[in-house]
Amino acid sequence: MRAGVRIVLAGALVTLLLLALPRSAEWYGLRLERVPNAVFLGGLLGLAFGLLRAGRPRWAPAYGPLVLALLVVWLAVVPLPPAQVAVPLAALASAAILAGYGELAGRTLRAARPAGLRPVTALALAALGALAGSGVDAALLSADTPPFGWAVLVAVGSICLLARPAVPAGLVAVLAIPPLLLGTQVLATGTTWSPYASITEASGSEGPIRLTLDGAPVPPLREAEPLVRSDPLAAVPFDQASGGHPPRVLILGAGAGNEVALALARGAHQVDAVEVDPALVQFGRRRHPGQPYADSRVSVHVTDPRTFLERADPGARYDLILLSARIAGAKLPGVPTPGSSYTLTAEALTQARTVLSPSGVLAVSYDSTEPLLVGRIDATVTRAFGHPPCVYDQATGTPLILTVRARPGQPDSCPSPGGQVRTLTSPSGTGSDTSPVTDDRPALSRHGVPWSWTTWAALALVTVAGVAMTVFAPPHRRRPIRARVRQGCALADRVCGGAAAWLLGVVAASWASRTFGSTWMVASVVLAVALAVVVAGLVVAAFLGRPRGPLASQTGRPNPPGPDPATSAGLAILGVLLGGCLAYGLPVLGTAAGFGAAGVLVASAAGIRLLSYRRRAAATRPRTRIPMPV
């Protein structure tokens, strides 16, 4: 296989793994709310490590496929420990897997120069492979492919990349383990896979139909009467709208159809059910006992709830708009902060107010009663409607619901439903100065603080590891410590550039999610555009060629070669890792903080490059010999 083809294949394979491993971990329920993308950060750290150590002349790096097989066996066969233990283990496994495949990709990049490829051309081919890998990932997602599909492609790509001159039989057996196990699991469990979640129906035929999303149980599927008996809080919004029988109802986050069934039972003439996950809607069509989605009064809209509000007919007037607890399962792009959504911001609720009838009611349902969380949702509703909402919770559980009427200035006498439903005091009515959730700062904390000590410790550990890898990069690992630090600082411009690029990418993804919807397709398109820009830039650089510059004119020699493409790629990945850590602050500090941090990083990269250029110019300047007197 030619060197250029191997580089493209390596880039595609690494990208496919980097995108699939965090998603697969979430499909199996491995997610920490305080460090939501721990598996992704671990994969970046491992990939950078593999690229930077790729120059060591040792045996082929087969430990990546081995750890991948062990991870699949653990997820598919072994009972998982609590998430606090399982997620760090999965992050370490992701780091080891990407380190192995990163080392393999680094060796293909280092082989580019002997094959006659310039370093910038090798990097362009690797970026082109990454673009192809993201396209394959998007195609698999669009087909609702289970993890078995990714495992097959990774196994085939690994065999093609390792085939020099032949792949050992033991390694082929290791690569066959993930497809076999995952394929068997798909056939045995009957799980439905979508770009948003894995949906599994719980075993057993007695009682209501129960299902899990990403391994977490959700409310069972029930008809209206059993639903109200089991969850009296669900009837509160309907009791307050149009005398208990709202004619027109909009449900954002309709899920499998429980709220739709309740709206129909209350006599609704028209129900617009909005759900972003088509697999969940299809599950409700097949398995919901009340068959609400089959009713002619129901219109199903498979789209992002925020997008539906932005594009709703201005003449539409709903008597009840319900933001179901499904919205609480959403997450922000770039930094997948759980429980946060662009549908829960003040701007989105203001848009919802415009499509409410004068006597209509908006209800926000959430799955936590943390005091700070209640205060922030309350402040958000108050900013959008101009008066505080009514707040209710359930004495036997943690669900929360807020209701507010559309007509400004109308006193909200919060009726007490009685029973297990309690009426709480609105934080806005007590003079609380809790900040609302906005498009610019959409993070909605569940734990009382934007970052916990766990988040700080994890991000600090990853950052320190990345800095250490920059200082002890392979091109100078045999030099003294002082020389290593100096050389690492000289190469830090690539790290700063990668971090700035990732921060700007997160800002772009946030803008695209607000404009076009928080869907997997929007995220895939943003990633593809970013990779296409990188490819275009590298292709232009390769076409223009490397200028000889003033150093060549002074010394008669070409400029000294920079780091090899594997080292440059590894340092850029470390920058992406740093950017991923810094991006945790964007949903809390705002977009201006992201642009400011990116500007500082770009200025730092330019300053480092200028200092390095001047140092090289001084080192290569010809010295004038002064004749000694005789």
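Details of the structure are given in the entry above.
Caption draft 1: Seen up close, the overall build of the protein. When you go through the protein residue by residue, the secondary structure sums to 22 helices and 12 strands. Expressed as a percentage of its 630 residues, the buried residues of the protein come to 50%. In the protein, the share of contacts with a sequence separation of at least 24, taken over all contacts with a separation of at least 6, comes to 77%. On the protein, roughly 28,000 Å² of surface is accessible, and the fraction owed to carbon and sulfur atoms is 64%.

Caption draft 2: Spatial organisation of helix H6 (residues 147-162). Look at H6: 22 Å from first C-alpha to last across 16 residues, which is about the 22 Å you get at 1.5 Å a residue. Those residues of H6 that sit buried are Pro147, Gly149, Trp150, Ala151, Val154, Ala155, Gly157, Ser158, Leu161 and Leu162.

Caption draft 3: Broad picture of the pattern of salt bridges. Per the stated rule, a full pass over the model turns up 10 salt bridges. Across the salt bridge formed by Glu103 and Arg53, the nearest N and O atoms sit 2.6 Å from each other. Placement of Glu103 in helix H4 (residues 83-110) and of Arg53 in the loop between helix H2 (38-52) and helix H3 (63-76) is noted, with a sequence separation of 50 residues between them. Comparing Glu103 with Arg53, the two get one shared label, buried. Residue Asp239 is joined to Arg266 by a salt bridge in which the shortest nitrogen-to-oxygen separation is 2.9 Å. You can see Asp239 sitting in helix H9 (residues 236-240) and its partner Arg266 sitting in the loop between helix H10 (258-265) and strand S6 (270-274), a full 27 residues away along the chain. Since its relative accessible area comes to 44%, Asp239 is described here as partly exposed. Exposure remark for Arg266: the relative accessible area of 17% places this residue in the buried category. Overlapping salt bridges bring together Arg53, Glu103 and Arg107 as one network.

Caption draft 4: Structural context of the packing of helix H13 (residues 346-354) against helix H14 (residues 371-385). Taken N-terminus to C-terminus, the directions of H13 and H14 make an angle of 45 degrees; their axes are 8 Å apart at the nearest point. One finds that H13 runs oblique with respect to H14. For the pair H13 and H14, the sense of crossing is right-handed. The segment H13 lies against H14, with Ala346, Leu349, Thr350 and Arg353 engaging Thr380, Val381, Arg383, Ala384 and Phe385. Classifying every residue of the contact of H13 with H14 gives 5 nonpolar, 2 polar and 2 charged.

Caption draft 5: Representation of the pairing of strand S10 (residues 390-394) in the model. Along S10, 5 of the 5 residues are buried, which leaves the element largely enclosed by surrounding structure. What you see with S10 is no split at all: Cys390, Tyr392 and Gln394 on one side and Val391 and Asp393 on the other are buried throughout. Here S10 pairs with strand S11 (residues 400-405) via 4 bridges, running antiparallel. Residue pairing across strands places Cys390 opposite Thr403, the latter belonging to S11. Inspection of the sheet shows S10 paired to strand S12 (residues 421-424) by 4 bridges, in the antiparallel sense. Within S12, the position partnered with Val391 by the bridge is Leu424.

Caption draft 6: The environment of Ala460, seen in detail. The topology assignment puts Ala460 in helix H15 (residues 453-471). By relative accessible area, which is 40% here, Ala460 ends up partly exposed. Along the chain, Ala460 and Cys581 lie 121 residues apart, while their C-alpha atoms are 8.5 Å from each other.

Caption draft 7: View of the packing of aromatic side chains. Tallied over the entire structure, the rule returns 5 aromatic pairs. Centre to centre, the rings of Tyr28 and Trp193 are 6.5 Å apart; their planes meet at 55 degrees, and the pair counts as tilted. You can see Tyr28 sitting in the loop between helix H1 (3-27) and H2 and its partner Trp193 sitting in strand S1 (residues 192-193), a full 165 residues away along the chain. Taking 5.7 Å as the distance between ring centres and 25 degrees as the angle between the ring planes, the aromatic pair formed by Phe40 and Trp502 counts as stacked. In this pair, Phe40 sits in helix H2 while Trp502 sits in helix H17 (residues 492-516), placing the two residues 462 residues apart along the sequence. The residue whose ring lies beneath Arg248 is Tyr318, and the NZ or CZ to ring-centre distance is 5.0 Å.

Caption draft 8: Examining the sheet that holds strand S3 (residues 211-213) more closely. Strand order in the open sheet formed by 4 strands is S1-S2-S3-S4, and the pairing between neighbours is antiparallel. Two strands bound the open sheet, and with one partner strand each, they are S1 and strand S4 (216-217). Across 2 bridges, the pairing between S1 and strand S2 (residues 198-201) is antiparallel. Pairing of Trp193 across the sheet is with Ser198, part of S2.

Caption draft 9: Local environment of the nonpolar core. Residues Leu30, Leu68, Ile97, Leu98, Tyr101 and Leu109 are the most contacted members of the largest nonpolar core, which totals 86 residues. If sequence neighbours within four positions are ignored, Tyr101 has contacts with Leu13, Val14, Leu17, Gly64, Pro65, Leu68, Val154, Ser158 and Leu175.

Caption draft 10: Highlighting the sheet that holds S6. The mixed open sheet is built from 8 strands, whose spatial order is S7-S6-S5-S8-S9-S11-S10-S12. Sheet topology places strand S7 (298-301) and S12 at the edges, where each strand pairs with a single neighbour. Pairwise comparison of adjacent strand axes, ignoring direction, gives a mean angle of 20 degrees for this sheet.

Calculation notes
Residues numbered from 1 in each chain as written. Predicted model: local features only at pLDDT ≥ 70, side-chain atom pairs only at ≥ 80, totals over all residues. Heavy atoms only, no water. Helix = DSSP H or I, 4+ residues; strand = E, 2+ residues; numbered from the N terminus. Buried < 20%, exposed > 50% of the residue type's maximum accessible area, 1.4 Å probe, protein only. Contact = heavy atoms within 4.5 Å. Areas by Shrake-Rupley, 256 points an atom, 1.4 Å probe, with all protein chains shown as cover. Expected span 1.5 Å × (residues − 1). Salt bridge = Lys/Arg side-chain N within 4 Å of Asp/Glu carboxyl O. Axes fitted to C-alpha atoms, helices over the stretch in contact; angles between N-to-C directions. Parallel < 35°, antiparallel > 145°, perpendicular 65-115°, else oblique. Left-handed = near helix turned anticlockwise from the far one by under 90°. Nonpolar A, V, L, I, M, F, W, Y, C, P; charged D, E, K, R; others polar. Pairing = 2+ DSSP bridges. Phe/Tyr/Trp six-rings, centres within 6.5 Å; stacked < 30°, edge-to-face > 60°. Lys NZ or Arg CZ within 6 Å of the ring centre and 35° of its normal. Core = buried A, V, L, I, M, F, W, Y, C linked by side-chain atoms within 4.5 Å.

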